[in-house]
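# Per-entry structural report
The primary structure of each chain is shown beneath.
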Amino acid sequence: MLLLAGILHMDVGLLTPLLGGQAVGPPVTNVMFLKTHKTAGSSVLNVLFRFAETHNLSVALPVGSGFHLGYPWLFLARYVEGLGRPGLQQQFNIMCNHLRFNLPEVQKVMPNDTFYFTIIRNPVFQLESSFTYYAAYVPAFRHVKSLDAFLASPWTYYNRSAGLNNAYARNNMWFDLGFDNDAPPDDEAYVRARLADVEQRFQLVLIAEHFDESMVLLRHLLRWQLDDVVAFRLNSRSTRSVTGLTPEGRARAKRWCALDWRLYQHFNRTFWARAHAELGPRRLRSEVARLRVRRGELTVRCLQDGAAKNKSQITDPRLRPFQSGQADILGYNLRPGLDNQTQQMCLRLVMPELQYVARLYALQFPDKSPKRIPFLE
């Protein structure tokens, strides 16, 4: 087939479906995902948790009752349950809970051959989501009625000395990467050096606005199966809790989060260059179509009414997502009457983040007290 393709000057990428679409080699099982805030990271985390559970892999989970790995402080290895204690896990396969990236400490947790990746989002929409979600939590957001009002005079509300929680209010993705979110964006040498740092450490940077294309490329690089990367939208908001910015507000958001804007512009370009180099435009479109068809099949098979539900409509407490600020976080109901095997598969697909962390913690550390989720009690 390959010889015939060469003779006919065909695009060998078009033959990929006939060849099974699989890269050569075993699946990658050591993976570190830097879960940035308000960037569709919860859906990616679900993919990684499901893969870990399916393949009996170990996950670097937060110690004790926590649900993140020390955030917003720089990550330290001691924030991981079981690390370095006699007779317990010394390194882990999967790491994906919220943390502020600190490479030397992460390397104490993850093997040398770990695949590192992260995800970013247009900072205008990322900031809008943060404002809605963290309005009562972030000092800079507490005393302003709208994001437009905040952006019209940000220094009225934003105080660098107010602590790390203000990181949600400015260049939050830059901060999550371990950098100074208040650094001067006009220092070109500094910005270029930090972008180079990200390129050197992370084998892939996903783009939230192109989630399906991102998952296709991730699947290719990790050599995983299609069902491994199928995901429903998790921790997403209802449309009524999404606030549009004015054109001037969007321009101000880009200036206010100028470091995040540079980050997004740079890796949006490199993502498409990488996708086309690895897969080619035709194969990429074909694989995205396959992913969407499979998601549609699982939607029909798993979900009641095939749609997300608001918190008052979710009947199973295990499937109720955490609610924060003014955000109306959606979840799912499973179809009634599923057989046990299908129900377990579907349950994992729609399980909210906190519940899945608690589930894996109980599986990995059965001798420890389970993680409590107060809003479910």
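Rules used throughout
Residue indices follow the written sequence of each chain, beginning from 1 at its first position. Residue-level local features of this predicted model are given only where pLDDT is at least 70; pairs of side-chain atoms are given and counted only at 80 or more, and the full residue set underlies all totals for whole chains, interfaces and linings. Remark: hydrogens and water are excluded; side-chain values derive from all non-hydrogen atoms of the structure. The predictor attaches a confidence to each residue, and that confidence, scored 0 to 100, is pLDDT. Whether two residues touch is decided by their heavy atoms; if any such pair falls within 4.5 Å, the residues are in contact. Helix and strand labels come from DSSP, where a helix needs a run of H or I of at least four residues and a strand needs a run of E of at least two; each type is numbered from the N terminus. Exposure categories follow from relative accessible area, calculated using a 1.4 Å probe and restricted to protein chains: below 20% of the type maximum is buried, above 50% is exposed, and the middle band is partly exposed. Working definition: the arc comes from the directions between the helix axis and the C-beta atoms, pointing outward to the latter. What is meant by a nonpolar core is a set of buried Ala, Val, Leu, Ile, Met, Phe, Trp, Tyr and Cys residues, joined one to another through side-chain atoms within 4.5 Å. For two strands to count as paired, DSSP must find a minimum of two bridges between them. In this analysis, axes come from line fits to C-alpha atoms, helices being fitted only over the stretch in contact, and the angle between any two N-to-C directions falls in the range 0 to 180 degrees. Expected helix span is taken as 1.5 Å per residue step, with the number of steps being one fewer than the number of residues.

### A short note on the confidence of the model for the protein
Of the residues in the protein, 93% reach a pLDDT of 70 or more, and the chain-wide mean stands at 91. Note on residues 1-21: pLDDT is under 50 here. Beyond four places in sequence and across chains, it has 16 contacts.

### Here we look at the environment of Leu-349
Mapped onto the fold, Leu-349 is located in helix H15 (residues 340-350). Remark: the alpha-carbon pair of Leu-349 and Gly-337, spanning 12 residues in sequence, is separated by 17 Å.

### Here's the deal with helix H12 (residues 247-256)
Residues of H12 that are buried: Gly-249, Ala-253 and Trp-256. Projected down its long axis, H12 shows its buried positions confined to an angular sector of 70 degrees, all on one face. Across from the buried face of H12, at angles greater than 90 degrees, the exposed residues are Pro-247 and Arg-255. Check the buried side of H12 and you find it contacts helix H5 (123-134), helix H6 (147-152), helix H7 (154-157) and helix H13 (258-278).

### Things to note about the nonpolar core
Considering soluble globular proteins, one finds that nonpolar side chains tend to be buried as a cluster. Residues Met-95, Val-109 and Phe-117 are the most contacted members of the largest nonpolar core, which totals 97 residues. Leave out the neighbours within four places in its chain, and Met-95 touches Val-31, Met-32, Phe-33, Ala-60, Leu-69, Phe-75, Val-80, Val-106, Val-109 and Met-110. Counting 24 residues, the second-largest nonpolar core is a separate cluster that includes Tyr-133, Ala-169, Trp-256 and Cys-257.

### Looking at the sheet that holds strand E1 (residues 31-34)
One open sheet accounts for 4 strands, arranged E2-E1-E3-E4; its pairing is parallel. Edge positions in the sheet fall to strand E2 (94-95) and strand E4 (204-207), since each has one partner strand and no second. Those strands touched by helix H3 (residues 41-54) are E1, E2, strand E3 (115-120) and E4, and its axis lies near 160 degrees from that of E1.

### Describing H3
Compared with the 20 Å implied by 1.5 Å per residue over 14 residues, the 20 Å span of H3 between its first and last C-alpha is a close match. Burial of H3 is extensive: 12 of the 14 residues sit out of reach of the surface. Residues of H3 that are buried: Gly-41, Ser-42, Ser-43, Val-44, Leu-45, Asn-46, Val-47, Leu-48, Phe-49, Arg-50, Phe-51 and Ala-52. Phi turns positive, to about 55 degrees, at Asn-56, one or two residues after H3.

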